[in-house]
Amino acid sequence: MDPTIRSNRRAWDTAARTYVEEHDVWLAVAADGSSLLDVERELLRDVLAAAPDVVHLQSGNGTDDVALANAGARSVVGVDFSEVTTRAAQRRADELGAPCRYVVGVLPGAPLAGGSADLVYTGKGALIWLPDLDAWAADVARLLRPGGHLFLYEEHPAFALWTWDPDEPRIRPDRDYFAASHVNDDFPANGAVQRQHTLGEIVTAVATAGLRILHLEEYAEPFWRMGGVTAASWNGRLPNSFSLLAVAR
């Protein structure tokens, strides 16, 4: 395993302890479906109405998976490189009777058969951990059945640049939109390395993999607001998140 990926995996295993120690809290979040946002439900309405088999790459705490199942998905398979996270997610899904199962795997290279998904879902802080977008997009295309969809609701690549100053938006002096990566010392385990992909790189990777882009939209609202912070960069003037829907040819 690449040393950076190994280090990030340790950081995630550390961060994921909250899903074990606060099991009842995360169980409640999964049960009420609040982690799946209104914009996601709207864009996925027709896809979920067809009862798709879903693969969630970088499934994290798994709360979105239960919400997807409750919204119509026939099954959800979550793939994540943190064993702590996947075990905690499986425990919650089992307690809720949700049709979700979890496997540990380093992406790209999901340990699943080709053509196993009608919908590949990912986002909310997933792409920043991927070293190779082209290989990831090719893996998505491999997993999708003909006519299957890829859906992203994700942190905007510019989000990492904004300071969280309350008076006015500023650009962090330690961040660069065109840098390959940056170190996030705010992550629960200091020194986690996050990749800095541009929006152009993301769109190009998806298109190059042979998927047809149906929808791309940017939003001023971040998908996550840190508690107790009122950042001027979230006041509607700057991009903080985006959504993308694509279909396999």
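Structure first, text after, so check above.
In this report, we go over the structure that sits alongside the text. Since we're looking at a predicted model, the values are computed, not measured. (Residues numbered from 1 in each chain as written. Predicted model: local features only at pLDDT ≥ 70, side-chain atom pairs only at ≥ 80, totals over all residues. Heavy atoms only, no water.)

Before going further, it helps to examine the packing of aromatic side chains. In this structure the tally under the stated criterion is seven aromatic pairs. Both rings, one in Tyr 153 and one in Tyr 219, keep their centres 5.9 Å apart while their planes meet at 45 degrees; by these two values the pair is tilted. In this pair, Tyr 153 is assigned in strand β5 (residues 144–155) and Tyr 219 in strand β8 (residues 211–219), connecting sequence segments 66 residues apart. Relative accessible area serves as the criterion here: at 4%, Tyr 153 is assigned to the buried category. (Phe/Tyr/Trp six-rings, centres within 6.5 Å; stacked < 30°, edge-to-face > 60°. Helix = DSSP H or I, 4+ residues; strand = E, 2+ residues; numbered from the N terminus. Buried < 20%, exposed > 50% of the residue type's maximum accessible area, 1.4 Å probe, protein only.)

Of the consecutive residues Leu 107 and Pro 108, the connecting peptide bond is found in the cis state with omega at -5 degrees. Within the secondary structure layout, Pro 108 lies in the loop between β3 (100–104) and β4 (117–123). At Gln 58, a position not held by glycine, the phi torsion is positive, near 60 degrees. As for its placement among the helices and strands, Gln 58 is situated in the loop between β1 (53–57) and α6 (63–70).

Among the nonpolar cores identified, the biggest contains 29 residues, and Leu 57, Val 120, Trp 136, Val 140, Leu 144, Leu 150 and Leu 211 are the most heavily contacted of them. Counting residues per element, this core draws most heavily on helix α8 (residues 133–143), at five residues. Filtering out sequence-adjacent residues up to four positions away, Val 120 remains in contact with Val 55, Leu 57, Val 140, Leu 143, Leu 144, His 149, Leu 150 and Phe 151. Ranked by size, the runner-up nonpolar core spans 22 residues in total, among them Leu 44, Leu 48, Ala 89 and Tyr 219. (Core = buried A, V, L, I, M, F, W, Y, C linked by side-chain atoms within 4.5 Å. Contact = heavy atoms within 4.5 Å.)

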